[in-house]
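Take a look at the letters that make up each chain.
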Amino acid sequence: MEEDTIKKTCKLCGNVGMSDGLDGFYYCLQCGSQDDDVRDMGVNDEDLIDDGRGALYQSSRRRTLHSSVASQASQCPPQSQSYWSQLTQEDAANLTQNSMPVKREREEWDFDGVGPTDPEDFGSLGGSVELGYEDYYNEVRGRYVMGLQKMIQLQCEALVEKFNVTPLIYGVAGTIWLRFVASTEVFNDEWADEVIQDSEFQTSGEPKKPRKLFRAEPHNLYGQRAVMVWCRNLRKRIQLSCSLAVSFLACHVAGEPILPTDLVKWSNEGRLPFFAAYVEIEKEKEFSQSSWACPISSSFMFRPSKSIHAQTLESFAASIAQAIGLLLPSVNFHGIASRYIRQLSLSLEKILPHACRIYEWSKPPELWLSENELRLPTRVCVMSILIVAIRNLYNIHGFGAWERSLSGAQERDNSNKVSGSSSKTNGLRAKSVRNLSYAKNPDLDASELLSKLEARYNGNVEGHDSSKDLQMYLQFCRVTTFPEYKPSVDDHEEEKTTKRFLAFYQNMKDPEPPGDNCPQLSPDVKHSPQNSQGTQNANPAVDDASAESFQSKAIRKLKLDMEEHRFCYIPPRSNIKVLDYLHYVRKRNAGGLTYSAHADYYILLRACAQIAQVDVRIMHLGVLSFEMRLAWLEKMTDHCLQVASPNVSRDSWDNQEKLVDS
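Note that residues are indexed from 1 along each chain, following the sequence as it is written. In keeping with the predicted nature of the model, local features appear solely for residues at pLDDT of at least 70, side-chain atom pairs appear and are counted solely at 80 or more, and the whole-chain, interface and lining totals rest on all residues. In computing side-chain properties, one takes all heavy atoms of the structure into account and sets aside hydrogens as well as water.

Visitor: Describe the overall build of the protein, listing the residues and the values that go with them.
Guide: Summing up its helical and strand segments, the protein has 25 helices and 7 strands in all. The buried label applies to any residue whose accessible area, calculated with a 1.4 Å probe on protein chains only, is under 20% of its type's maximum; exposed applies above 50%, and partly exposed to all values in between. Residue burial in the protein is summarised as follows: out of 662 residues, 42% are buried. Restricting to contacts in the protein with at least 6 residues of sequence separation, those with at least 24 account for 72%. Computed by Shrake-Rupley with a 1.4 Å probe, the accessible areas treat only the displayed protein chains as cover when residues are assessed. Carbon and sulfur atoms make up 51% of the accessible area of the protein, which amounts to about 38000 Å² in all. Helix and strand definitions here come from DSSP, where helices need a minimum of 4 consecutive H or I residues and strands a minimum of 2 consecutive E residues; each element is numbered from the N-terminal end. For this analysis, residues touch if any pair of their heavy atoms sits within 4.5 Å.

Visitor: So what's going on with the packing of aromatic side chains? Residues and values would help.
Guide: Aromatic rings from Phe, Tyr and Trp, taking only the six-membered ring of Trp, are treated as a pair when their centres fall within 6.5 Å; an angle between ring planes under 30 degrees marks them as stacked, one over 60 as edge-to-face, and anything in between as tilted. Counted under the stated rule, the structure contains 11 aromatic pairs. With a centroid separation of 5.8 Å and 20 degrees between ring planes, the pair formed by Tyr144 and Phe302 is classed as stacked. Of this pair, Tyr144 sits in helix H4 (residues 133-163) while Phe302 is found in helix H12 (residues 298-302), placing the two residues 158 residues apart along the sequence. When its relative accessible area of 0% is taken as the criterion, Tyr144 is described as buried. An aromatic cluster of at least three residues, connected via ring pairs, comprises Tyr133, Tyr137 and Trp230. Whether a charge sits over a ring depends on NZ of Lys or CZ of Arg being within 6 Å of the ring centre and within 35 degrees of the ring normal. If you follow Arg225 out to its NZ or CZ, it ends over the ring of Phe214, 3.6 Å from the centre. Above the face of the Tyr581 ring, Arg391 is positioned so that its terminal group lies 4.5 Å from the ring centre.

Visitor: Can you break down the sheet that holds strand E7 (residues 592-598) residue by residue, with the values?
Guide: Sheet strands pair by backbone hydrogen bonding; their relative direction is either parallel or antiparallel. Pairs of strands are assigned from DSSP output, requiring at least two bridges between the strands. In spatial order, the strands read E5-E7-E6; together these 3 strands make up an open sheet with mixed pairing. A strand with exactly one partner marks an edge of an open sheet, and here the two such strands are strand E5 (567-570) and strand E6 (586-589). Going from strand to strand, the sheet's axes swing by 35 degrees on average, the running direction of each strand aside. Strand direction decides the pairing type here: E6 and E7, joined by 4 bridges, are antiparallel. Across the sheet, Arg588 pairs through a bridge with Leu593, a residue of E7. Across the sheet, helix H23 (residues 599-612) is in contact with E5 and E7; its angle to E7 comes to roughly 110 degrees. Orientation is described by lines fitted to C-alpha atoms, with helices fitted over the stretch in contact, and by angles between N-to-C directions that extend from 0 to 180 degrees.

Visitor: Before we move on, could you go through the packing of H4 against helix H7 (residues 226-237) and cite the residues and values that matter?
Guide: At a closest axis distance of 10 Å, the pairing of H4 and H7 adopts a crossing angle of 30 degrees. The angle between H4 and H7 places the two elements in the roughly parallel class. Crossing handedness for the pair H4 and H7: right-handed. Here Tyr133, Tyr136, Tyr137, Val140, Arg141 and Tyr144 of H4 lie close against H7, whose contacting residues are Val227, Trp230, Cys231, Leu234 and Arg235. Amino acids outside the nonpolar list (Ala, Val, Leu, Ile, Met, Phe, Trp, Tyr, Cys, Pro) and the charged list (Asp, Glu, Lys, Arg) are all regarded as polar, and Gly is one of them. Tallied by class, the residues present in the contact of H4 with H7 amount to 9 nonpolar, no polar and 2 charged. For classification, angles of less than 35 degrees are called roughly parallel, those exceeding 145 degrees roughly antiparallel, those between 65 and 115 degrees roughly perpendicular, and all remaining angles oblique. When the near helix sits turned anticlockwise from the far one by under a right angle, the crossing is termed left-handed; a clockwise turn instead gives a right-handed crossing.

Visitor: Hey, could you go over the pattern of salt bridges for me, with residue numbers and the actual values?
Guide: Any Lys or Arg side-chain nitrogen located within 4 Å of an Asp or Glu carboxyl oxygen qualifies as a salt bridge. Throughout the structure, instances matching the rule amount to 10 salt bridges. Asp262 is the partner of Arg339 in a salt bridge, and the nearest nitrogen-oxygen pair spans 2.5 Å. Residue Arg339 is found in helix H14 (residues 333-343), and its partner Asp262 is found in helix H9 (residues 260-269); the two are separated by 77 residues along the sequence. Residue Arg339 is classed as partly exposed on the basis of its relative accessible area, which comes to 22%. Residue classification places Asp262 among the buried residues on the basis of a relative accessible area of 6%. As a salt-bridge pair, Asp615 and Arg617 come within 3.3 Å of each other at their nearest N and O atoms.

Visitor: Describe the side chain of Thr594, and please don't skip the residues or the numbers.
Guide: As for its placement among the helices and strands, Thr594 is situated in strand E7. The class for Thr594 is buried, based on a relative accessible area of 18%. Apart from residues no more than four positions distant in its own chain, Thr594 is found in contact with Arg566, Cys568, Val585, Arg586, Lys587 and Asn589.

Visitor: Would you mind going over the environment of Asp135 in detail, with residue names and values included?
Guide: By secondary structure assignment, the location of Asp135 is in helix H4. For the pair Asp135 and Cys294, spaced 159 residues apart in sequence, the C-alpha to C-alpha distance is 9.0 Å. A polar side-chain atom of Asp135 sits 2.9 Å from the main-chain amide nitrogen of Gly132. Counted as a polar contact is a pair of N or O atoms within 3.5 Å, where, for protein atoms, one must be capable of donating a hydrogen and the other of accepting one, and residues adjacent in sequence contribute only when both atoms are in side chains.

Visitor: Give a description of a negative patch on the surface that names residues and reports values.
Guide: A cluster of acidic residues, Glu134, Glu185, Asp189, Glu190, Asp193, Glu194 and Asp198, forms a negative patch on the protein surface. It is helix H6 (residues 191-202) that provides the largest number of residues to the negative patch, a total of 3 residues. Position of Glu190 relative to the elements: it lies in the loop between helix H5 (169-184) and H6. Patch membership requires more than 30% relative accessible area and the absence of a salt bridge. Residues of like charge join within 9 Å; the nonpolar side chains Val, Leu, Ile, Met, Phe, Trp and Tyr join within 5 Å. Counting rule for charge: Lys and Arg are taken as positive, Asp and Glu as negative, and neither His nor the chain ends is counted. The atom standing in for a charge is NZ when the residue is Lys, CZ when it is Arg, CG when it is Asp and CD when it is Glu.

Visitor: Just give me the short version of helix H16 (residues 378-394), but keep the residues and values in it.
Guide: The terminal C-alpha atoms of H16, which comprises 17 residues, lie 25 Å apart, in line with the 24 Å expected from a rise of 1.5 Å per residue. Counting buried positions along H16 gives 17 out of 17 residues, so the element sits mostly inside the fold. Directly beyond the C-terminal end of H16, a positive phi value near 55 degrees is found at Asn395. What a helix is expected to span follows from its residue count: subtract one and scale by 1.5 Å.

Visitor: Tell me about the environment of Ala173, and please be specific about residues and values.
Guide: Here Ala173 shows up in helix H5. Given the relative accessible area of 0%, Ala173 is considered buried. In the structure, Ala173 is positioned 20 residues away from Gln153 in sequence and 8.5 Å away in space, judged by C-alpha atoms.

Visitor: A description of the confidence of the model for the protein should follow, citing residues and the corresponding values.
Guide: Looking at the protein, the pLDDT average stands at 74 and 65% of residues meet or exceed 70. Predictor confidence is given residue by residue as pLDDT, running from a minimum of 0 to a maximum of 100. Ranking the elements of the protein by mean pLDDT puts helix H1 (residues 67-73) last with 32 and helix H8 (residues 242-253) first with 97. This model gives residues 42-128 a pLDDT under 50, and the stretch forms 133 contacts once residues within four places in sequence are excluded.

Visitor: Just give me the short version of unusual backbone geometry, but keep the residues and values in it.
Guide: Notably, Ser345 is not glycine yet its phi reads approximately 60 degrees, a positive angle. Counting through the fold element by element, Ser345 comes out in the loop between H14 and helix H15 (348-362). The partly exposed category is assigned to Ser345, whose relative accessible area is 43%.

Visitor: Any details on H5? Residues and values, ideally.
Guide: Over its 16 residues, H5 runs 22 Å from end to end, which matches the ideal 22 Å to within 8%, given 1.5 Å per residue. Taking burial as the measure, the 16 residues of H5 include 12 buried ones, the bulk of the element. Looking at H5, one finds that the buried residues are Ile169, Tyr170, Gly171, Ala173, Gly174, Thr175, Ile176, Trp177, Leu178, Phe180, Val181 and Thr184. Just past H5, the residue Glu185 takes up positive phi, approximately 60 degrees.

Visitor: Run through the nonpolar core, naming residues and quoting values.
Guide: Buried Ala, Val, Leu, Ile, Met, Phe, Trp, Tyr and Cys residues that are joined via side-chain atoms within 4.5 Å together make up what is termed a nonpolar core. Residues Leu159, Trp177, Trp230, Phe302 and Ile320 are the most contacted members of the largest nonpolar core, which totals 74 residues. No other element matches H4, which puts 14 residues into this core. If you look at the next biggest cluster of nonpolar residues, it comprises 65 residues, including Ile351, Ala355, Cys381 and Ala597.

Visitor: If you had to explain the environment of Gln610 to someone new, which residues and values would you point to?
Guide: Tracing the sequence through the fold places Gln610 in helix H23. Judged by relative accessible area, which is 16%, Gln610 ranks as buried. Residues Gln610 and Leu344, 266 residues apart in the sequence, show an inter-C-alpha distance of 9.8 Å.

Visitor: Account for the packing of H8 against H9, with residues named and values stated.
Guide: It is at 10 Å that the axes of H8 and H9 come closest, and there the two elements cross at 135 degrees. Considered as vectors, H8 and H9 are oriented oblique to each other. H9 is crossed by H8, and the crossing has right-handed handedness. Here Leu244, Ser247 and Phe248 of H8 lie close against H9, whose contacting residues are Pro260, Leu263 and Ser267. Residue classes in the contact of H8 with H9 are distributed as 4 nonpolar, 2 polar and no charged.

Listed below in structure tokens is the structure:
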């Protein structure tokens, strides 16, 4: 295409003839000097920048905004002062400088009912400001990071207001979040280009032509929208579940007895903003307005697709701490152990002091968070210490306390014999350090303890109220999982069908109560054996048979439960030769591991595993691991004592200990 020329004399060389430079100015054909008297009126005045050259309509050049719009675009979206006032000025300034989102809003025109009074540029989107490459990735990146900040803020507010967590987590969570964002390097200058290049390397096939609706946006070589490529990369580098990890880290650093299982449970129940947090994010001023540079909905950016596992959350929190160089303390053993003892309905005054002494002496490394997702959770280690303490205090070492509680009063004599034999160990110092347990208290009844644990296990049903009823579950889904769901306005068939199915379910879920004609047995009569005439049988032999039948049924039921978890039932110990802490081992049988255990230990183990929300075998592995550590510590202690005083025997050392205690 030939250049447009005009006949005009150049002031510098005197040559006649000027050519259009396609930038709003004309230049001499001979010397190339610019003529200041002639301008192309097709370019708006605001397109002329200070260096005297005009702006080109290219993707790399964008129109200079008016001062009001530019000042508004240079401001960072305001955050809640109640949350971010705890942040350090240095970190806040760094984030504001690096993550300043550029928001290009449509220019406001004065309408008179016909159309805009000012001319619009050819090919523009209804008077919208033309955006550049940097505007798009700055806006996508800024909105995503600010949205996750808001999600963390909502979670911290819920933890403080609903679950009585200390308000110190506000400042801790903010500092951890800022440092974590800096560690991801998403605010580096090369981030956007590197992400586009990686998407091109990972894409195969023929390039596709961009859709007409998104033709104004930047694309990679294969026709993929750059905003979607950047958004997917952000969700991969800074996952939505990191909000829960940051909240958990804040509670952990603040010393709160909050576990990953708590955050997962509360988020699934909707009491902690996670799945429906995007609804609250959309209510914020900076997210409620549409953005030309980030045409992505908040639902797509901030709505999780699945829940996170508790162990994954714990390892994720540890990886965040490792990435920002945060030295973490151990878990709050006193707080978590106190909470577990209360949930087991046991005596806090009797068990907690003994458990704390074992913890302070052993200090197992499993109480620190680890990035290894395959390692046992920290809560398993806390519960293992409690199990060892309870076994020591209540003498749960396979003596058949649970079986005796089934047989009734006739077996109490044998119970006294066993308890009497176990009391002899009070004056002896057991070889195992796990018998650090101080003298057995005769007031601590193992049978009563096991009865409480068994009743607690059978009556405990984990889960929130919405899992008990279909109607409550559907209401939970509408409020938490699908809060934006609305029935069709034009067609009400969907709503009618839903009500019809709910009514059908309500009528069929509960059976009819028994009528007045059904015989009702009194509590004293219904458990007593009766003859064919319906009278009570006073034959003692029949009573003994009934008691034996009840005991055998209970043991058979326990065996079935143990077999489901690959445990093997061991009868109570007889002909006891060594009164010591009883260790259990795993045996390989038919290509798998079989766990052998007595009934009293298994009942304690499964009740504790239920409270800790882990499998019984995982809980058993935690106990075995902790017992091995105690054995190693005892061995090292004995070695150190022998090296320090080689002429002093172990018996004389025990005698010295007795003299000191007396």
